[in-house]
Amino acid sequence: MADKNSSIKKSISIQTKLLFYFLILSLIPLLILGFFSLRVSITPLKEYAVTPLRNHTLAISNHIRQELYDVREDVLLTSRLPDLSRMLDYLPNALEPEARKLKEAVYNDFIEFIDKRKKYHYISYCDLSGQEIIRVNYIDSGKWKIVYGENLQNKKHTSFFKQTVELGQGQVYVSDVSLNEEYDVLETPYTKVIYVSTAVQDISRKKRGIITIALKVDTLFKPISEWKIEKYPEANNCIINRKGFYIAHSDRNKEWGTPQQVEMKWSIMQDFSLKVNEQLLNNFDKPLIESDKYVFVTQRVFPEFINPSNYWIIISYLPKYFVYSKIAIFKIILYVLLFFTFVMTVIVALILSSQFTKPIKLLKKGVEIIKDGNLAHRIPLKSNDEIGELAFDFNLMAEELEGLYQNLENKVKQRTEMLQKAMDDLKRKDEQLEKANQLKLDFLTNLSTELRTPLTSIMGYISLLMNKVYGELNDKQINSLQKARKNLYHTFKWLDGIIRISSLSAIQTENITVHKTNFDAVDCVGRALKNLNYVLGGEGKTVDIKFDKKEKYFVFSDKEKFDEIVISVLNAIVYHEVTKGIPVEVNITSDTKADIECVLISFEMRFDKKIKIENFYKALVEPFIHSPTFFNITNLSANVARSLLTWLKGGLLIDYIKKERIIIVTVYIEKGEAADES
């Protein structure tokens, strides 16, 4: 009875362990995958959700900037009108008929401006006393009105007149948004305007007054109320000044909030919390602002262009739940899938653990019966898995127990021979693979020897001929020998690159050996440049390489491979036709990439606009096996350097700055913890 209870406990223990293992092995990857998916997906989904708001605020900003720029250009153009200059010069001494003609010419110019634009409230010229001399008002529907005599006003008390008079030639004043005043009284119905004005000088550069254009704000802020975001038509749009007062709003009830006598003084203080208001007014480095209820996208615009202290803030905002609704749905779906997968995992784990333990229980029970002497008992397992085979073998053992003892040694020997044969076959195949790989390496070595020997011999004979060892040569013969030597140098570079990259691809990863030593990267680069200049001198080439060797950068890595990397990068640069005569600036610095301290060697080239450098750039970045169009020494050498750098925990970066026509080739390599400047 005690033995039976003990067996039950052991059976339950095995099932519990299997269930536990199944859950651990399935739930940990599930949780990691779910967490990773959530973290990776949320940020791009948020960016995608707010992109329409960003684009909308940017479009409004561009519209306002362009409109203000047009008005600024108009007021400057108006101040330089020939008719206006003529009036300033001749009006003080002109008789009444002549003065009338001078003014009429200016009136006609102002009418032409205001009739074409139709967005200006009025254009006026005031003398230094502030008295309007010329003024044309735009009424509506293409109609305009010339203001004469007593209807002309004195603007000396206005802020825009006081500040504009102090400006120099070519400077423009742009006022804040305000309600237009006529005769010191607000014009009704209320007209929101921005005063754009500049000082006027006569031909002797003497200041004679100001030109003012009153821009109707409805035209400037038209996008706030009329432009809709296709994805978020319910979005609210507004423009506030530096103090937070609304100067335009998609809600007509809030569209005018700047304090000016009769206004309601509506600002963001009435609509949002203090924390949100501080962010909207001060946090310009973060155009995306989130509160508990809303998502805000802001964009600053400077009406005076060069005055950073005067700005407006464009705001587009929506309820947070509306912007991030798809993200919330994505989270719910992900959580439901994770929960469903968890439930299914538990069910499958229970079923599998039960299936695993049930045949073990039956097998154990059969063993106990046979142990008691009942050799006629058979274990009722007919599955095709390992446990079924074990039960079959166990039943066979019960039938032929005596014969099993007699034949046991033969069966073990037979199985051992089969295993040995299988291992011998595996070893033989492995040897064949190694032999094939060695044959490939031997072929590349022989190819290098067979090609280099005659090429070196030819190079030697060419040198002897050019040194006139065998006699004098004419210019034509010398020119031909120089071309032959240049082509041989070119062939050597091709041969080195092809054999090197083929050898690298033939070497298995486990056979790669990296012999690390402590060396100065600056000295290595200097020696490579010195050797390069020697070779280039033999080829008749020239290259302007600037390299500052003041600072040392010690590296703990494979010096031989590092030297080959630097030489390959230099070959990739100087042996392309577009780099002939181009100065190359070489710099070495330290940096950190992927939390690994690295040494960076950058080769910077600046090209003239006449040189086509696209093929050079593509040859640097194209993979070796996928670039039949750009297969040349540059492509080959760059890929040799790239292959070697993968073994030294480094990389090759190619930066192409199109606007400045600069290509920067950067080699970075792990500095190594053992790098020591001593």
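Just so you know, these numbers come straight off a predicted model, no measurement behind them.

A. Region of interest: the overall build of the protein chain. Regarding its fold elements, the protein chain presents 16 helices and 21 strands. Residues counted as buried form 40% of the 678 residues belonging to the protein chain. Accessible surface computed for the protein chain: about 40300 Å², of which carbon and sulfur atoms make up 56%.

B. Structural view of the sheet that holds strand β10 (residues 236-240). Pairing within the open sheet is antiparallel, and its 5 strands lie in the order β11-β10-β14-β13-β12. Each edge of the open sheet is held by one strand with a lone partner, namely β11 (246-249) and β12 (288-290). Taken over all neighbouring pairs, the strand axes of this sheet differ in orientation by 25 degrees on average, direction set aside. Pairing between β10 and β11: 3 bridges, direction antiparallel. Each residue of the ladder has a partner; that of I239, found in β11, is A248.

C. Examining helix α9 (residues 325-371) more closely. Taking 1.5 Å of rise per residue, 47 residues should cover 69 Å, and α9 covers 69 Å from first to last C-alpha, within 8% of that figure. For α9, every residue scored as buried is listed here: I327, L334, T345, A349, S353, T357, P359, L363, G366 and I370.

D. Highlighting the nonpolar core. Counting 48 residues, the largest nonpolar core has F603, M605, I663 and V665 as its most contacted members. Sorting elements by how many residues they give to this core places helix α14 (residues 559-574) first, with 8 residues. Those residues in contact with I663, other than ones at most four positions away along the chain, are F603, E604, M605, F607, I613, F616, Y617, L620, D655 and Y656.

E. Representation of the side chain of D558 within the structure. Looking at the secondary structure, you find D558 in strand β17 (residues 554-558). There is a polar contact of 3.1 Å between the side chain of D558 and the backbone nitrogen of E560. Of the polar contacts made by the side chain of D558, one reaches the side chain of K561; its length is 3.2 Å. Setting aside chain neighbours within four positions, we find D558 in contact with T513, V514, H515, K516, F519 and L648.

F. Representation of the packing of aromatic side chains within the structure. Inspection of the entire model under this criterion finds 14 aromatic pairs. Aromatic side chains F160 and Y195 sit 4.4 Å apart centroid to centroid with 20 degrees between the ring planes, which places their arrangement in the stacked category. Here the residue F160 occupies a position in helix α4 (residues 159-165), and Y195 occupies one in strand β8 (residues 192-201), the gap between them amounting to 35 residues. With centroids separated by 5.4 Å and ring planes inclined at 35 degrees, the aromatic side chains of F296 and Y317 adopt a geometry described as tilted. Within this pair, whereas F296 is found in strand β13 (residues 294-301), its partner Y317 is found in strand β14 (residues 312-319), the two being separated by 21 residues in sequence. With relative accessibility at 0%, the residue F296 sits in the buried group. By the ring-pair criterion, three or more aromatic residues cluster together here, those being F272, Y294, F296 and Y317. Above the face of the Y122 ring, R135 is positioned so that its terminal group lies 3.8 Å from the ring centre. For the cation-ring pair, R300 lies above Y311, with the distance from its terminal atom to the ring centre recorded as 5.1 Å.

G. Examining unusual backbone geometry more closely. Positive phi, close to 65 degrees, is recorded for R205, a residue that is not glycine. One can find R205 in the loop between β8 and β9 (207-216). Assessed through its relative accessible area of 65%, R205 is described here as exposed. The phi torsion at K649 lies on the positive side, around 55 degrees, for a residue other than glycine. Here K649 lies in the loop between α16 (633-647) and β20 (651-657).

H. Seen up close, the packing of helix α15 (residues 614-621) against α16. The contact between α15 and α16 brings their axes to 7 Å, and the two run at 35 degrees. Note that α15 runs across α16; the crossing there is right-handed. Each of F616, A619, L620 and V621 in α15 lies in contact with α16, whose residues at this interface are T634, N635, A638 and R642. Residue composition of the contact of α15 with α16, by class: 5 nonpolar, 2 polar and 1 charged.

I. Here's a closer look at the sheet that holds strand β19 (residues 596-606). The strand order across the open sheet formed by 5 strands is β16-β18-β19-β21-β20, and the pairing between neighbours is mixed. A strand with exactly one partner marks an edge of an open sheet, and here the two such strands are β16 (545-547) and β20. Each strand of the sheet is rotated relative to its neighbour by a mean of 25 degrees, with strand direction disregarded. Where β19 meets strand β21 (residues 662-670), 9 bridges bridge the pair, whose relative direction is antiparallel. Counterpart to M605 in the pairing with β21 is I663.

J. How the structure looks around the pattern of salt bridges. Counting across every chain of the model gives 17 salt bridges. Of the charged contacts in the structure, one is a salt bridge between D218 and K192, with a shortest N-O distance of 3.9 Å. Placement of the pair is D218 in helix α5 (residues 217-220) and K192 in strand β8, with a sequence separation of 26 residues. Of the charged contacts in the structure, one is a salt bridge between E597 and K671, with a shortest N-O distance of 3.6 Å.

K. Seen up close, the confidence of the model for the protein chain. Residues with a pLDDT of 70 or more make up 82% of the protein chain, whose mean pLDDT is 79. Contacts from residues 4-11, a stretch scored under 50 in pLDDT, to residues over four places away or in other chains number 3 contacts.

About the criteria used
- Residues numbered from 1 in each chain as written.
- Predicted model: local features only at pLDDT ≥ 70, side-chain atom pairs only at ≥ 80, totals over all residues.
- Heavy atoms only, no water.
- Helix = DSSP H or I, 4+ residues; strand = E, 2+ residues; numbered from the N terminus.
- Buried < 20%, exposed > 50% of the residue type's maximum accessible area, 1.4 Å probe, protein only.
- Areas by Shrake-Rupley, 256 points an atom, 1.4 Å probe, with all protein chains shown as cover.
- Pairing = 2+ DSSP bridges.
- Axes fitted to C-alpha atoms, helices over the stretch in contact; angles between N-to-C directions.
- Expected span 1.5 Å × (residues − 1).
- Core = buried A, V, L, I, M, F, W, Y, C linked by side-chain atoms within 4.5 Å.
- Contact = heavy atoms within 4.5 Å.
- Polar contact = N/O pair within 3.5 Å; in protein donor to acceptor, adjacent residues only side chain to side chain.
- Phe/Tyr/Trp six-rings, centres within 6.5 Å; stacked < 30°, edge-to-face > 60°.
- Lys NZ or Arg CZ within 6 Å of the ring centre and 35° of its normal.
- Left-handed = near helix turned anticlockwise from the far one by under 90°.
- Nonpolar A, V, L, I, M, F, W, Y, C, P; charged D, E, K, R; others polar.
- Salt bridge = Lys/Arg side-chain N within 4 Å of Asp/Glu carboxyl O.
- pLDDT = per-residue confidence, 0-100.

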